[in-house]
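# Overview (structure and organization)
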Amino acid sequence: MLDLSRKRLNRTILTLAWPAILENLMHTTVYIVDSIFIGTLGTLAFAAVGQSSMILFTVVFVFYGIGVATGAVVARNLGRGDQKTACEAAGQGIILGTSIGLMVAALGLMFGEDLMVFLGTEPDVVERAQEYMPIVFAFSVLRLFIYTSSGILRAAGDTKTPMWITGVMNVYNILADWVLIFGIGPFPELGITGAALATGTAYVLGTVLLMYRLFRRHARFRLCGSDIGNIRSEHLRTIIRIAVPNLGEQSVMQCAYFSFMWIVTSLGTAALTAHFMTIRVEMVSFMPVFGLSMAVATVVGQSLGAERPEIAELAVKKAARIGLIAMSALGLIFVAVPGLLVGIYSPSPEVYDLAVLCVRIAALELPTSALLMIYTGAMRGAGDTLSPMLISIFGAIFLRIGMMYVLVIELGWGLPGVWYGTALDWGIRLVIAWFLFRRGRWKRIKI
């Protein structure tokens, strides 16, 4: 049980947030190191890995709602002091997430290449991507297990264990990248295939460590064999009920994203590469707010379980203030030194100039995206996945796709139009999220 006193609320939020921030920063570090290594292999290799990674991410992220829903149920029951039910629900979430992971892996192996062709990716990029995409899709079942299990621990108030496990995975991944991509010592030089194998085997390592932590004796929060050995339909129904709006949200979002990527891909390999380099830079900036949104979700869930909605609302206000200050400061860095942020990926001159411009434009979206993520994270932590779904569907259909088409195709702004449209999208969604948060539906959700 968290300390939910008003006097210590800032400390509670920051205690939960900093390990999550560091964990996500370490995840991003792997992407950055991958990108630095792969950037040395040329523009074609960078575009192939970037396109493959984003396809995998968008497909897998559709089902992250299982982890969100499981965490909400666990946090609410722990807030009530019912650890037995929390553990049973956690076990059912793991069963459901892992089963879906198997399905994603199978579908990715069968249709991943077809999806890349459907997006209009140039044939040379598609060919290189087959050295990477099938391998990372095969390991995607473990990615969903890791996400769900880490979310369970965070909901229980343990943000440090996922952080340490991520750290171990990332150290291994970086070393394996170096060895397998370039053929160090007795290992053959595998190029982007080596990067895929490094990522996949890091997932194996993370899964083993999380299994040990979840079932370790004498832990304050631990699972028993019966929690994952038996199907408990009442918990599965609750998780699915909460997860369905999130699954619907992400399905629409990712379909919209594929339409969005079709527009970006149509701009050519140089623009596609500059786009992925900008995303790599932007990912680092999101780490503070990711941690804050995870912390807020846990505090909100346990506060509502303890029947203290005023503490939940206060926590959101405090986190929003912290997030706004942090992301505004990062936005100034984006504007001041974009060349330093892009240059580490060894871009060609054409790609460099385009990526630098897009990084400066991306600075506009950092403050608004921070507040949006904190408000929607609070709603999901309360079990209100419907409100974020409505925001995302409206944004995806009427804002993201519509504005991209007008700015990029009709007005001919090219890749900068993509990033101007994204900034407008985040801003309008924030206004809607603030309105829905103020209405307070999230405080009335029953779990």
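Here, every reference points to the structure presented above.
Residues numbered from 1 in each chain as written. Predicted model: local features only at pLDDT ≥ 70, side-chain atom pairs only at ≥ 80, totals over all residues. Heavy atoms only, no water.

## Some thoughts on the overall build of the chain
Across its full length, the chain carries 19 helices and zero strands. Here the C-alpha atoms of the chain give a radius of gyration of 21 Å, agreeing with the 22 Å that 2.2 N^0.38 yields for 447 residues. Referenced to the eigenvectors of the C-alpha coordinate spread, the extents of the chain come out at roughly 60 × 50 × 35 Å. Looking at the chain as a whole, 58% of its 447 residues qualify as buried. When contacts within the chain are restricted to residue pairs at least 6 apart in sequence, long-range pairs at least 24 apart make up 83% of them. (Helix = DSSP H or I, 4+ residues; strand = E, 2+ residues; numbered from the N terminus. Rg over C-alpha atoms; globule rule 2.2 N^0.38 Å. Buried < 20%, exposed > 50% of the residue type's maximum accessible area, 1.4 Å probe, protein only. Contact = heavy atoms within 4.5 Å.)

## With respect to a nonpolar patch on the surface
Together, L364, Y405, V406, I409, L411, W413 and Y420 make up an exposed nonpolar region whose accessible area comes to about 670 Å². Among the structural elements, W413 can be located in the loop between α18 (386–410) and α19 (414–439). According to the relative accessible area criterion, W413 is partly exposed, its value standing at 43%. (Patch = residues over 30% accessible without salt bridge, like charges linked within 9 Å, V, L, I, M, F, W, Y side chains within 5 Å. Areas by Shrake-Rupley, 256 points an atom, 1.4 Å probe, with all protein chains shown as cover. Salt bridge = Lys/Arg side-chain N within 4 Å of Asp/Glu carboxyl O.)

## Considerations on the pattern of salt bridges
Counted under the stated rule, the structure contains eight salt bridges. E310 is the partner of R308 in a salt bridge, and the nearest nitrogen-oxygen pair spans 3.8 Å. Note that E313 and K443 form a salt bridge whose closest N and O atoms lie 3.1 Å from each other. Here E313, found in helix α14 (residues 309–336), pairs with K443, found in the segment after α19; they are 130 residues apart in sequence, far enough to count as distant. Given the relative accessible area of 18%, E313 is considered buried. Since its relative accessible area comes to 34%, K443 is described here as partly exposed. One salt-bridge network, held together by shared partners, links K84, E88 and R232.

## Digging into the environment of E310
Within the secondary structure layout, E310 lies in helix α14. In this structure, the C-alpha to C-alpha distance between E310 and V300, residues 10 residues apart in sequence, is 9.6 Å.

## Some points on the side chain of D158
Along the polypeptide, D158 turns up in the loop between α7 (140–155) and α8 (160–182). A distance of 3.3 Å separates the side chain of D158 from the backbone nitrogen of K160, its partner in a polar contact. In terms of polar contacts, D158 uses its side chain to reach the side chain of R213, at 3.2 Å. (Polar contact = N/O pair within 3.5 Å; in protein donor to acceptor, adjacent residues only side chain to side chain.)

## A closer look at the nonpolar core
Ranked by internal contacts, the top residues of the largest apolar core, which has 108 residues, are V300, V316, L415, V418, W419 and W442. Apart from the residues within four sequence positions on either side, W442 is in contact with V300, L304, A312, E313, M379, A382, D384 and F437. Within the second largest apolar cluster, 21 residues are counted, among which are C87, F145, F221 and L223. (Core = buried A, V, L, I, M, F, W, Y, C linked by side-chain atoms within 4.5 Å.)

## With respect to α14
For α14, built from 28 residues, the straight-helix expectation of 40 Å at 1.5 Å per residue is met to within 8% by its first-to-last C-alpha distance of 41 Å. Among the residues of α14, I311, A312, E313, A315, V316, K318, A319, A320, G323, M327, G331 and F334 are the ones counted as buried. (Expected span 1.5 Å × (residues − 1).)

## Regarding the environment of L41
Position of L41 among the secondary structure elements: in the loop between α1 (9–39) and α2 (43–61). Take L41: its relative accessible area is 31%, and that puts it in the partly exposed class. It is 40 Å that separates the C-alpha atoms of L41 and I322, two residues lying 281 residues apart in sequence.

## A word on the packing of aromatic side chains
Across all of its chains, the model carries four aromatic pairs by this definition. The interplanar angle of 85° and the centroid separation of 5.3 Å between the aromatic rings of F37 and F182 together place this pair among those described as edge-to-face. Taken together, the positions of F37 in helix α1 and F182 in helix α8 put the pair 145 residues apart, joining distant regions of the chain. Here the aromatic rings of W413 and Y420 are separated by 5.9 Å at their centres, their planes lie at 75°, and the arrangement is edge-to-face. Among the aromatic residues, those joined into a ring-pair cluster are Y375, F437 and W442. (Phe/Tyr/Trp six-rings, centres within 6.5 Å; stacked < 30°, edge-to-face > 60°.)

## Quick word on unusual backbone geometry
The backbone phi angle of E307 is positive, close to 60°, even though this residue is not glycine. Inspection of the secondary structure puts E307 in the loop between α13 (287–305) and α14. On the accessibility criterion, E307 (70% relative accessible area) is exposed.

## Let's talk about the state of the cysteines
For the structure shown, the criterion picks out zero disulfides. For C224, which is in no disulfide, the shortest distance to another cysteine sulfur is to C87 and amounts to 6.7 Å. Accessibility expressed as a relative area gives 36% for C224, which makes it partly exposed. (Disulfide = S-S within 2.5 Å.)

## A word on the side chain of S149
Mapped onto the fold, S149 is located in helix α7. In this structure, S149 is in contact with I94, L210 and L214, ignoring residues within four places of it in sequence.

## Quick look at the packing of α14 against helix α17 (residues 366–381)
Describing two packed helices takes the angle between their axes plus the distance from one axis to the other. Where α14 contacts α17, the two axes come as close as 7 Å, and the packing angle between them is 155°. Between α14 and α17, the angle is such that the two are roughly antiparallel. Helix-helix and strand crossings are classified by hand; for α14 and α17 the assignment is right-handed. Contacts between α14 and α17 involve V316, A319, A320, G323, L324, M327, S328, L330, G331 and F334 from the first element and L366, P367, S369, A370, L371, I374, Y375 and A378 from the second. By residue class, the composition of the contact of α14 with α17 is 14 nonpolar, four polar and no charged. (Axes fitted to C-alpha atoms, helices over the stretch in contact; angles between N-to-C directions. Parallel < 35°, antiparallel > 145°, perpendicular 65-115°, else oblique. Left-handed = near helix turned anticlockwise from the far one by under 90°. Nonpolar A, V, L, I, M, F, W, Y, C, P; charged D, E, K, R; others polar.)

So, to be careful, I would describe these as geometric facts and stop short of saying anything about function.
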